[in-house]
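Structural overview for review
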Amino acid sequence: NAAAHINFNLPRLTQVPPTYYVDTVSLGQPINFTVNAIDPDLHANGTLQAVEMTAVGGQLGPNCQAPPCATLNPPLPQTNTGMVGTTFSWTPTCDHLSTILGCQTISTHRFVFKVSDDFCPIPGVNYITVAIVVETDSIPAPQPRCIEYDTANGVSITWDYPPDTTNLSEYLIFYEDTVGNGFPVLDTVPGPSANSYLNPNGFGGGRYFIRSLASCG
């Protein structure tokens, strides 16, 4: 008795053999795919075997970890003769990000689909895992234009805008003093229209670094 075969219609998935699939999406990008399990095997009496499909995942609704939840239509578990299936739908938001990686914030959400038939004495079982990597759009850092210092006003910094500011929410200003105490965040500047910053408490020396921050932070 062979386990039911699982297939789905999301061509951009990258397969990590044998049963792990990965898709990378940006915030607000809808994810929709249909999962089907087919089992043509017969019982001894010539009838098709029943196939059950179940699924688990932290973002599956209705009580997921961080709404909006992913949905399955029809909801699982489902059992049918010879074939069973469901359609997965989800649109990730800022609430689904958790890991900062360089200038991007990412998070990986995993959904496991299991199918089993009713063959006796040992049912056939099959699994696949779909990992959805959610990431913000990577926004390049602005290019510094000028840093000026005078004893009356402090340090004034100006910069050129990044090429694309569509999802830019603010700029982070980092400062490292001459003692070498790292690059703590000095201040934030609301974006994307701003292109300057004044540090009234600044003084000569040290280094400044400016980072573009996407809409989720």
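This text follows the structure it describes.
Remember, predicted model here, so these are calculated numbers, not experimental data.

On to the packing of aromatic side chains, then. Enumeration according to the criterion identifies nine aromatic pairs in this entry. Ring plane angle 70 degrees and centroid distance 4.9 Å describe the contact between Phe88 and Phe111, whose orientation is recorded as edge-to-face. Remark: Phe111 occurs in strand E10 (residues 104-117) and Phe88 occurs in strand E8 (residues 83-90); sequence separation between them is 23 residues. The exposure class of Phe111 is buried, given its relative accessible area of 1%. Measuring from ring centre to ring centre gives 5.7 Å for Phe174 and Phe209, while their planes differ by 50 degrees; the resulting arrangement is tilted. You can see Phe174 sitting in strand E14 (residues 168-176) and its partner Phe209 sitting in strand E17 (residues 207-214), a full 35 residues away along the chain.

Right, let's get into the sheet that holds E8. The strand order E1-E4-E8-E6 describes an open sheet built from four strands, whose pairing is antiparallel. The sheet terminates laterally at strand E1 (5-8) and strand E6 (71-73), the two strands that pair on one side only. Across the sheet, the mean angle separating the axes of adjacent strands is 25 degrees when strand polarity is ignored. Strand direction decides the pairing type here: E1 and strand E4 (residues 31-38), joined by four bridges, are antiparallel. Within E4, the position partnered with His5 by the bridge is Ile38.

With that settled, the discussion passes to the pattern of salt bridges. If you walk through the whole model with that rule in mind, you get two salt bridges. With a closest N to O distance of 2.7 Å, Arg145 and Asp160 form a salt bridge. Of this pair, Arg145 sits in strand E12 (residues 143-150) while Asp160 sits in strand E13 (residues 154-160); the two residues are 15 residues apart in sequence, bridging distant segments of the chain.

With that settled, consider the sheet that holds strand E16 (residues 196-199). The strand order E12-E13-E16 describes an open sheet built from three strands, whose pairing is antiparallel. Each of the sheet's edge strands pairs with one partner strand only, and the pair in question is E12 and E16. Taking each pair of neighbouring strands and ignoring which way they run, the sheet shows an average axis angle of 15 degrees.

Turning our eyes to something else, we now look at the side chain of Thr86. Its place among the elements puts Thr86 in strand E8. Among the polar contacts made by the side chain of Thr86, one reaches the main-chain amide nitrogen of Asn73 at a distance of 3.3 Å. Polar contacts involving the side chain of Thr86 include one to the main-chain carbonyl oxygen of Pro74, which spans 2.7 Å. Leaving out residues up to four positions away in the same chain, Thr86 has contacts with Phe33, Thr34, Val35, Met53, Leu72, Asn73, Pro74, Leu76 and Phe113.

Reading the values: rules and limits
- Residue positions are given per chain, counted from 1 along the sequence in the order it is written.
- Totals for whole chains, interfaces and linings use every residue, but because this is a predicted model, local features are given only for residues with pLDDT of at least 70 and side-chain atom pairs only at 80 or more, for both listing and counting.
- Only hydrogens and water are set aside; all other atoms, that is, all heavy atoms of the structure, feed into the side-chain values.
- Side-chain rings of Phe, Tyr and Trp, where Trp is taken by its six-membered ring, are said to pair if the distance between their centres is within 6.5 Å; with planes under 30 degrees apart they count as stacked, over 60 as edge-to-face, and otherwise as tilted.
- Put simply, DSSP H or I for four residues or longer makes a helix, DSSP E for two residues or longer makes a strand, and each gets a number counted from the N terminus.
- Working definition: with a 1.4 Å probe on protein chains only, accessible area under 20% of the residue-type maximum means buried, over 50% means exposed, and in between means partly exposed.
- The criterion for strand pairing is that DSSP finds at least two bridges linking the strands in question.
- Fitted lines through C-alpha atoms give the axes, limited to the stretch in contact for helices. The angle between two N-to-C directions lies from 0 to 180 degrees.
- Whenever a carboxyl oxygen of Asp or Glu lies within 4 Å of a side-chain nitrogen of Lys or Arg, that contact is scored as a salt bridge.
- Any pair of N or O atoms that falls within 3.5 Å is considered a polar contact. Within protein, one atom must be able to donate a hydrogen and the other to accept it, and sequence-neighbouring residues count only if both atoms are side-chain atoms.
- Any pair of residues with heavy atoms lying within 4.5 Å of one another is described as a contacting pair.

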